[in-house]
Amino acid sequence: MTQQELFNEFLSLPVEAQHQVIDFIAFLRQRYAVVESASQLPDIDLINDSFIGMWSVGVARRRHRQDLADSTAWVRGVRENEWSQSHD
């Protein structure tokens, strides 16, 4: 059966049956979805890569945000500020 023949068969069904076919196709797509294997995932070196999050904005954008240049210093500054406020 060609795609056109299959489509013609689909169109010849009552509307309710067409909806059932569409639902069944969605079910099959979900059931047989290709799961991305670990070998296809990007290789991320969490130990040596830059801090993930707002520090991963890229060198060009960080140039304008000196506060994002060093994630450790930023966290230390936030924590020191919180600690100093809690001890007042």
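The residue numbers shown here count from 1 along each chain, following its written sequence. For a predicted model such as this one, the threshold for reporting local features is a pLDDT of at least 70, and the threshold for listing and counting side-chain atom pairs is 80 or more; totals across whole chains, interfaces and linings nevertheless cover every residue. Hydrogen atoms and water are omitted, and side-chain values are computed over all heavy atoms in the structure.

A closer look at the overall build of the protein chain
Filter applied, for reference: Strands here are runs of E lasting at least two residues and helices are runs of H or I lasting at least four, both read from the DSSP assignment and numbered beginning at the N terminus. Exposure categories follow from relative accessible area, calculated using a 1.4 Å probe and restricted to protein chains: below 20% of the type maximum is buried, above 50% is exposed, and the middle band is partly exposed. Only the protein chains shown count as covering a residue, and every accessible area follows the Shrake-Rupley method with a 1.4 Å probe.
Counting its regular elements, the protein chain contains four helices and zero strands. Along the protein chain, from the amino end to the carboxyl end, the secondary structure elements read α-α-α-α. In the protein chain, buried positions account for 7% of the 88 residues. Entry remark: accessible area of the protein chain is about 8200 Å², with carbon and sulfur atoms responsible for 57%.

Here's the deal with the packing of aromatic side chains
Inclusion rule: Side-chain rings of Phe, Tyr and Trp (the six-membered ring for Trp) are treated as a pair once their centres are within 6.5 Å; stacked means planes under 30 degrees apart, edge-to-face means over 60, and tilted covers the remaining angles.
Evaluated as defined, the whole model comprises two aromatic pairs. When the centroid spacing of 6.3 Å and the interplanar angle of 25° are considered together, the rings of Phe7 and Phe10 count as stacked. Pair noted here: Phe7 and Phe10 are both in helix H1 (residues 3-12), with a separation of three residues, about one helical turn. Its relative accessible area of 19% is what places Phe10 among the buried residues.

Some words on the side chain of Gln18
In plain terms, the rule: Note on contacts: a residue pair is in contact if any heavy atoms of the two residues lie within 4.5 Å.
Its location among the elements puts Gln18 in helix H2 (residues 15-31). Exposure remark for Gln18: the relative accessible area of 17% places this residue in the buried category. Sequence-distant contacts of Gln18, that is, excluding residues within four places in its chain, are made with Phe10, Leu11 and Leu13.

Overview of the confidence of the model for the protein chain
For the record, the criterion: Confidence scores per residue from the predictor, reported as pLDDT, run from 0 to 100.
In this model, the protein chain carries a mean pLDDT of 75, and residues with pLDDT of at least 70 account for 58%. Mean pLDDT across the elements of the protein chain bottoms out in helix H3 (residues 59-62) (51) and peaks in H1 (94).

Details of a nonpolar patch on the surface
To keep it simple, the criterion reads: Put simply, a patch holds well-exposed residues, over 30% relative accessible area, that have no salt bridge, with like charges counted together within 9 Å and Val, Leu, Ile, Met, Phe, Trp or Tyr side chains within 5 Å. When a carboxyl oxygen of Asp or Glu is within 4 Å of a side-chain nitrogen of Lys or Arg, the pair counts as a salt bridge.
Residues Phe24, Phe27, Leu28 and Tyr32 make up a contiguous nonpolar surface patch of roughly 420 Å² in combined accessible area. One can find Tyr32 in the loop between H2 and H3.

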